[in-house]
Amino acid sequence: MIMTREEILEKAKILNEADDYDALIALLGRAYDESANDYVYALELSRAFINKGNSVDEGFPFYVKANALLDNCALSGKDDPVWLYRKAYALYKLNLVEDAIIRIERAARFVDINSPISLLTINNLLLVCKKLEEKMKLKKLSSEDRQAFFSHINKHFGKSKLLFNADGVEFYEIEASEQHDYKMIVSLGVSALSMPVPQGFSEKENSKTELCVILPKKWEMNLNEERLSWPLKVLSSLCNYVLTEKAFVGFGFSFDNGKPFSSHTKFQGAMLTALGDYPKEAQNYQVADGFQVNLFQMVPLLPMEVAYRLNHSAQDLLNLFKLRHVALTPLFEGRPDVCESLTVKKV
């Protein structure tokens, strides 16, 4: 049975109120395709993608879809407060805060009493974005410091290429080599901040860092697939934590996510370690002001490893990896939990 436009939109309203976003996306997706990219369907479908993203742990792919869909009808939406709000929200969820603010401020210019979206809703999103923007205002790396990074990377690790940007941090991919049969994703931008160091630590030697994750040689760099992108998102979130919370991280720093990072993995925590397969001179580099930038790799941890680390030193946990003959790098989804066979002595 062929549904009319009014029937499709009415059913879409019912599905949205029932939070049945999968059925809603299927309904509007068909309608959008069969209507040759109708603008109203595009707006409703983008909202469905955003709501679906907000309802699951792995919302990133849905925000990407919403953003791309809205781009397809940008000409129709450039003065429409609803399109501008949806576009701003998708950008905000993708951590593109400056771009989001541009759209949301434009939405405030065009909204009126007859608009389906209120000025209060628009201003609430603007306030959230402004607060996030303020947290993200960071000192930028100098050209000399950037050159020091690339010189060090080229000398000790190989050629690099920009993979993505997030929250003011760039992430570079270093391909596998004959000496190191895996690829590395390393940050550039975290060292713009001088972290507060614990008492007794040298500020010049410990206050600056860049972080990396080491992945199998054949790992596909696809930011739109959760099973492939989760290590990159965790690394990006950790970098953002250091920058926005102005926290100190160094060798042995660990955290527990409380649940798996993704439905595609059992890893639920991580710990920072040295770059174990590289010589001492590769572990850090000097920048123009005489400060040392330390490179640490983020090693994902399985549940019992996370629990063990809470009550033991980082070195204790690393010793277990060595004892169990489990390699720290590269990330291996099927590796055993090195703490799984430990027994607790009764007292």
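Residues numbered from 1 in each chain as written. Predicted model: local features only at pLDDT ≥ 70, side-chain atom pairs only at ≥ 80, totals over all residues. Heavy atoms only, no water.

Enquirer: Describe the nonpolar core, listing the residues and the values that go with them.
Expert: If you look at the biggest cluster of nonpolar residues, it comprises 42 residues, and the most contacted ones within it are Leu 28 and Leu 125. Considering every element that reaches this core, the biggest residue donor is helix α6 (residues 81-93), with nine residues. Other than its neighbours up to four places away in sequence, Leu 125 contacts Tyr 85, Ala 88, Tyr 89, Tyr 92 and Ile 104. Counting residues in each nonpolar core, the second largest holds 31 residues, with Ala 166, Leu 228, Leu 238 and Cys 239 among its members. (Core = buried A, V, L, I, M, F, W, Y, C linked by side-chain atoms within 4.5 Å. Buried < 20%, exposed > 50% of the residue type's maximum accessible area, 1.4 Å probe, protein only. Helix = DSSP H or I, 4+ residues; strand = E, 2+ residues; numbered from the N terminus. Contact = heavy atoms within 4.5 Å.)

Enquirer: Break down the packing of aromatic side chains for me, citing the residues and quoting the values.
Expert: For the structure on display, the rule yields 14 aromatic pairs. Where Phe 149 meets Tyr 172, the ring centres are 6.2 Å apart and the plane angle is 50 degrees; that geometry is what we call tilted. In this pair, Phe 149 sits in helix α9 (residues 143-156) while Tyr 172 sits in strand β2 (residues 169-174), placing the two residues 23 residues apart along the sequence. Phe 149 gets classed as buried once you look at its relative accessible area, which sits at 0%. Overall, the relative accessible area of 8% leaves Tyr 172 in the buried class. Clustering of aromatic rings is evident, with ring pairs tying together Trp 230, Tyr 241, Phe 253, Phe 255, Phe 261 and Phe 267. (Phe/Tyr/Trp six-rings, centres within 6.5 Å; stacked < 30°, edge-to-face > 60°.)

Enquirer: How would you summarise the pattern of salt bridges if you had to cite specific residues and measurements?
Expert: Opposite charge on two side chains makes pairing possible when the charged atoms of those side chains draw close. Considering all chains together, one arrives at 13 salt bridges under this definition. As a salt-bridge pair, Asp 71 and Lys 87 come within 2.5 Å of each other at their nearest N and O atoms. Separated by 16 residues along the polypeptide, Asp 71 in helix α4 (residues 60-72) and Lys 87 in helix α6 bring together distant segments of the chain. Taking the relative accessible area as the measure of exposure, Asp 71 reaches 42% and is therefore partly exposed. Take Lys 87: its relative accessible area is 3%, and that puts it in the buried class. Its salt-bridge partner being Asp 181, residue Lys 217 comes within 3.1 Å of it at the nearest N-O pair. With Lys 217 in the loop between β4 (208-216) and α11 (226-245) and Asp 181 in the loop between β2 and β3 (182-188), the pair connects residues that are 36 residues apart, well separated along the chain. Residue classification places Lys 217 among the partly exposed residues on the basis of a relative accessible area of 42%. One network of salt bridges, with partners in common, ties together Lys 78, Asp 79 and Arg 106. (Salt bridge = Lys/Arg side-chain N within 4 Å of Asp/Glu carboxyl O.)

The values are spatial; any link to function lies outside them.
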